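Chain by chain, the residues:
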Amino acid sequence: MQRLVIDGNTKISGELKVHGAKNSALPLLAATILGKTPSVLHNCPRLSDVFAACRILSYLGCKCVRENDSVIVDTANLTHFEVPDQLMREMRSSIVFLGAILGRLGRCRLSFPGGCELGPRPIDMHISALRQMGVSIKEEYGYLDCSIPKELKGTAISLSFPSVGTTENIMLAAVLANGETQIRNAAREPEIIDLANFLNACGAKIYGQGESTIYIEGVKEIGGCEYNVMPDRIVAATYIGAAAITNSEICLKNVKAKDLESVLPVFEEMGCSIYSYSDKIYVNALRPLNCVKTIRTMPYPGFPTDVQAIAMAALCKARGTSVIVENIFENRFKHAGELVRMGANIKVEGKVAIVEGIQKFYGAQVEATDLRGGAALVLAGLSAEGQTTISNIKHIDRGYERIEDNLNLVGAKIKRV
Ligand code: EPU
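As the structure is a prediction and not an experimental result, all values here were calculated from the model.

Residues of helix α5 (residues 124–132) that are buried include every one of Met125, His126, Ile127, Ala129 and Leu130, and no others. In this fold, the buried residues of α5 make contact with α4 (97–105), β8 (136–140), β9 (143–147), β10 (156–158) and α6 (164–175). Looking one or two residues past α5, glycine 134 carries a phi angle of roughly 100°, positive in sign.

The following block contains the structure:
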């Protein structure tokens, strides 16, 4: 099993390029299924979750080829409608294939995704929405067997919570459905806009993406297109966190500051100076960090749950006490226990974490408990006195392209062993 070994007490400086967004690339890869001609996704990150999505596409009969930063998907021979359990388990977000396979083939069978490291991950909203669109769904032996007895029909669907995955699945199913679909209380994340823009470039008719109601006018068929995956806003926030925790100065390239509108003010409150220009963000975090007022994770445009662990790692090194409230996932504070092993002073009660600032982290043997929690440990390791060894880094590889190579480019000392 691979581990990351980090020599701490480092400063970083220089320029870092942010790779394409995992949480956009995955639904985009699923969306290629809807088009009858090939699609090319540029800026498609090399991540284990992306490789897993490509394995699903290949299993379904698509030709999926990587050329440098681009992935080409040819769906001409798409025939299978079943995703086997073993492929579903590789990646929880494989549920987003459901809407796309149904839209293209009218039938889909996949295993129930089950829980994950963030706690139970129910898919009740996905199922209810698809049923409203005329899909018959039988749940048996751990599999979801979905078919369309009459037609896939557009309808108005109101979500009880703006779930990202549910919004994506409805959009995918609605593109080739009969009539207009409305998604009320839709997720507004930038990745939703990216998916709509891709589908529209393929010939779909989607309006209102980025707002609370999305309208999808069903069309008879769509083709493929060439598309640039948006930059990963969570990776960008992670690099900003790396600068903050090491009191360093860096410049990020290939980022959209607008997608980080709720994140940048939190780092500014910590004392970082941040400037953005064109596709760059400059971060000066040379001053000691301050604690912040309560951070509450919320659906976009609120503070993202995916940045919670990153912010927590930085706040461990801030003067004073900060409070973090996790509102999106039930079990997303597992990294706190690992940060405590490195000297952090964090108390967790239910969905609230109280972080008291410490002078320094100390290197320790820790375990990545999930993707963003793992990244938080990397940041803590960069600033710690001594050496930190992180195990279970498969979680980190799901969302960060060779995190050690990128951070080493700006002065970190991280080895993969
Ligand atoms: N939920 C339900 N029922 C459903 C669907 C969701 O109860 O049918 C609950 C979830 O259990 C969770 C909340 O609603 O408590 C939010 O879930 P959502 O559907 O919005 O999240 P997701 O689509 O499963 C995506 C990202 C996550 C990110 C969340 C929230 C992808 C592939 N994943 O997950 O990313 O945290 O949105 O923004 O897009 C990560 O990258 O580390 C990651 C976990």
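In the region of the ligand, 24 residues are neighbours, and Asp124, Ser163, Asp306, Ile328 and Arg372 sit closest. A distance of 2.7 Å is found between a nitrogen atom of the ligand and a side-chain nitrogen or oxygen belonging to aspartate 124. Interatomic distance of 2.8 Å between a side-chain N/O atom of arginine 372 and an oxygen atom of the ligand. If the ligand stood free it would expose 830 Å²; the protein chains cover 87% of that surface. Sorting the residues of the shell around the ligand by element identifies α1 (22–31), α5, α6 and α12 (371–383) as the ones contributing at least two each. Residues belonging to the shell around the ligand are distributed by class as follows: ten nonpolar, seven polar and seven charged.

Let's shift gears to the domain arrangement of the chain. Along its sequence, the chain is carved into domain 1 (4–19 + 231–416) and domain 2 (22–228). The C-alpha-based centres of domain 1 and domain 2 are spaced at 30 Å. Contact with domain 1, which involves 28 residues of that partner, is made by 20 residues of domain 2. Taken over both partners, the interface formed by domain 1 and domain 2 buries close to 2,000 Å², and the fraction arising from carbon and sulfur atoms is 51%. Arginine 398 is the salt-bridge partner of aspartate 49, the closest N and O atoms lying 3.2 Å from each other. Taken together, the connections running from domain 1 to domain 2 amount to seven residue pairs in polar contact (both at pLDDT 80 or more). At the level of elements, α12 and α13 (394–397) are the ones that each hand at least two residues to the side of domain 1 that touches domain 2. The greatest single-element share of the side of domain 1 that touches domain 2, amounting to three residues, is contributed by α13. When the residues that make up the side of domain 1 that touches domain 2 are grouped by side-chain class, the tally is eight nonpolar, six polar and 14 charged.

Let us now look at the sheet that holds strand β12 (residues 205–207). Reading across from one edge, β10-β11-β13-β12 is the order of the four strands in this open sheet, with mixed pairing throughout. Unpaired on one side and paired on the other, β10 and β12 mark the two borders of the sheet. Strand-to-strand twist across the sheet, computed as the mean angle between neighbouring axes with direction ignored, equals 15°. Bridge analysis of strand β11 (residues 180–184) against strand β13 (residues 213–217) gives five bridges, and the strand direction is antiparallel.

The subject of this paragraph is the pairing of strand β17 (residues 280–284). The side-chain alternation of β17 yields one buried face, formed by Ile281 and Val283, and one unburied face, formed by Lys280, Tyr282 and Asn284. As defined by bridge partners, strand β15 (residues 249–253) adjoins β17 across five bridges and the pair is classed as antiparallel. Pairing of leucine 252 across the sheet is with isoleucine 281, part of β17. Note that strand β16 (residues 273–277) and β17 share five bridges and pair antiparallel. Opposite serine 273, over in β17, you have asparagine 284 as the bridge partner. Taken together, β16 and the strand that follows it, β17, pair antiparallel across an intervening segment of two residues, in which serine 278 is found at a positive phi of about 55°.

This part covers the sheet that holds β17. Sheet architecture is open: four strands sit in the order β2-β15-β17-β16, paired in mixed fashion. Only two strands of the sheet have a single neighbouring strand rather than two, namely β2 (13–17) and β16. Direction aside, the axes of adjacent strands within the sheet are offset by 15° on average. With five bridges connecting them, β2 and β15 associate as parallel partners. Bridge pairing in β15 places leucine 16 opposite leucine 252.

Cut-offs used in this document
- Residues numbered from 1 in each chain as written.
- Predicted model: local features only at pLDDT ≥ 70, side-chain atom pairs only at ≥ 80, totals over all residues.
- Heavy atoms only, no water.
- Buried < 20%, exposed > 50% of the residue type's maximum accessible area, 1.4 Å probe, protein only.
- Helix = DSSP H or I, 4+ residues; strand = E, 2+ residues; numbered from the N terminus.
- Contact = heavy atoms within 4.5 Å.
- Near = heavy atom within 4 Å.
- Polar contact = N/O pair within 3.5 Å; in protein donor to acceptor, adjacent residues only side chain to side chain.
- Areas by Shrake-Rupley, 256 points an atom, 1.4 Å probe, with all protein chains shown as cover.
- Nonpolar A, V, L, I, M, F, W, Y, C, P; charged D, E, K, R; others polar.
- Domains from an automatic or database assignment.
- Buried area = accessible area lost by both parts, 1.4 Å probe.
- Salt bridge = Lys/Arg side-chain N within 4 Å of Asp/Glu carboxyl O.
- Pairing = 2+ DSSP bridges.
- Axes fitted to C-alpha atoms, helices over the stretch in contact; angles between N-to-C directions.

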